[in-house]
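# Report on the structure
Letter by letter, the chains look like this.
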Amino acid sequence: MSTKFFSAQTLWRVLLYVTLAVGAVFFLAPLYVMLVTSLKDAEEIRQNSLVSLPGSLNFEAWRLAWDSACTGAQCSGLEPFFWNSVWMAVPAVLISTTWGALNGYVLSLWKFRGSETLFALLLFGVFMPFQVVLLPMSQVLGWLGMSSSIGGLILVHLLAGLPSTTLFFRNYYAGIPKDLMNAARMDGAGFWMIFFRIIVPMSTPIVMVTLIWQFTQIWNDFLFGVAFSGADSKPITVGLNNLANTTSSVKAYNVDMAAALIAGLPTMLVYVLAGRYFVRGLTAGAVKG
């Protein structure tokens with residue numbers, strides 16, 4: 001009986017690993033093709049197959065994609081778009097995470113009359129299609145004098161991400177024992193002291209989840225970038241789209257692939273360096289009821 005059980009268990013484990021390996025190959029195959037294509041010159045791309053390794057490491061396509069490729073009438077590569085995304089994403093991520101932490105703290109540990117209704121209304125923002133807010137948001141940005149600017153994009157992403165960040169923190173803080181809060185109040189701690197001395201030190205897992213989530217959503221966004229940016233404030237997703245759609249006599253696939261990798265590199269690095277914190281944060285309560 002034990003031998004049969006062992007054989008069945010081993011078979012299922014082998015099938016599991018094979019399935020995971022096949023899935024990983026299919027998932028990583030496009031990334032592999034992009035990487036090897038970006039390291040080839042035009043002649044090598046025409047003569048060899050997509051999956052063949054480059055004869056030598058050639059980073060000329062990466063240089064062109066960064067500072068020389070044409071994105072419409074402008075031929076300065078992705079560099080200005082990249083820095084626009086940095087100036088947009090960093091403050092939007094930090095502010096929306098901080099604001100979401102405060103909202104979650106209030107809605108879970110300092111409940112007031114109507115707090116559940118307010119939280120339910122905030123949840124509409126999680127499921128609302130972003131296309132429905134394009135027109136009213138453009139009007140608001142016009143009234144505030146922030147149209148076609150980095151500041152306007154920061155405001156848009158802050159408001160769009162606030163429902164999600166509030167949901168994450170509210171559900172996480174709901175699991176904090178009420179006795180801890182009551183003991184702090186009995187010792188004379190107030191709203192801000194409890195938040196900074198007790199709640200914030202316990203929030204590392206959910207803070208990492210929210211930072212990674214927000215950075216990925218904001219950096220990869222195309223809809224708001226193309227709708228609300230101006231000539232000097234376009235994010236990297238818009239620059240990548242312009243580069244890929246710029247026509248020339250010969251299509252430079254290596255430059256397009258290098259540009260796509262440059263655009264995706266920050267989010268890939270974030271998940272490689274902090275992915276384990278993201279998983280820990282989710283399992284610590286970020287998505288529980």
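Because the structure is predicted, anything quoted here is derived from the model rather than measured.

Rules used in this analysis
Residues numbered from 1 in each chain as written. Predicted model: local features only at pLDDT ≥ 70, side-chain atom pairs only at ≥ 80, totals over all residues. Heavy atoms only, no water. Core = buried A, V, L, I, M, F, W, Y, C linked by side-chain atoms within 4.5 Å. Buried < 20%, exposed > 50% of the residue type's maximum accessible area, 1.4 Å probe, protein only. Helix = DSSP H or I, 4+ residues; strand = E, 2+ residues; numbered from the N terminus. Contact = heavy atoms within 4.5 Å. Phe/Tyr/Trp six-rings, centres within 6.5 Å; stacked < 30°, edge-to-face > 60°. Axes fitted to C-alpha atoms, helices over the stretch in contact; angles between N-to-C directions. Left-handed = near helix turned anticlockwise from the far one by under 90°. Nonpolar A, V, L, I, M, F, W, Y, C, P; charged D, E, K, R; others polar. Salt bridge = Lys/Arg side-chain N within 4 Å of Asp/Glu carboxyl O.

## Quick word on the nonpolar core
- Counting residues in each nonpolar core, the largest one holds 29 residues, and the members touching the most others are Ala65, Leu78, Val156, Ile218, Trp219, Phe228 and Ile236.
- Those elements that place two or more of their residues in this core are helix H3 (60–67), helix H4 (79–109), helix H6 (134–144), helix H7 (150–173), helix H10 (204–219), helix H11 (223–228), helix H12 (236–245) and helix H13 (253–286).
- Sort the elements by how many residues they give to this core and H4 lands first, with seven residues.
- Other than its neighbours up to four places away in sequence, alanine 65 contacts Gly77, Leu78, Leu243, Val255, Ala258, Ala259 and Ile262.
- Among the nonpolar cores identified, the runner-up in size contains 16 residues, and Tyr172, Tyr173, Ala184 and Ile194 belong to it.

## Regarding the packing of aromatic side chains
- Scanning the model with the defined rule gives 18 aromatic pairs in all.
- Ring centres 5.8 Å apart and planes at 25 degrees place the aromatic pair tryptophan 83 and tryptophan 87 in the stacked group. Linking tryptophan 83 with tryptophan 87, this pair stays in helix H4, spanning four residues, or about one helical turn.
- Using a relative accessible area of 36% as the deciding quantity, one classes tryptophan 83 as partly exposed.
- Residue tryptophan 87 is classed as exposed on the basis of its relative accessible area of 52%.
- Relative to phenylalanine 224, the ring of phenylalanine 130 has its centre 5.0 Å away and its plane inclined at 45 degrees; by these criteria the two rings are tilted. Separated by 94 residues along the polypeptide, phenylalanine 130 in the loop between helix H5 (115–127) and H6 and phenylalanine 224 in helix H11 bring together distant segments of the chain.

## Thoughts on the packing of H4 against H10
- Contact geometry for H4 and H10: axes closest at 9 Å, N-to-C directions at 145 degrees. Remark: the crossing between H4 and H10 carries right-handed chirality. Counting all contacts with H4, which are made through Phe82, Ser85, Val86, Met88, Ala89, Ala92, Val93, Leu94, Ser96 and Thr97, the residues of H10 involved are Thr210, Leu211, Gln214, Phe215, Ile218 and Trp219.
- Its residues assigned to classes, the contact of H4 with H10 shows eleven nonpolar, five polar and no charged.

## Topic: the pattern of salt bridges
- On inspection of all chains with the given rule, the structure shows four salt bridges.
- Because the salt bridges share partners, they merge into one network encompassing Glu60, Arg63 and Asp67.

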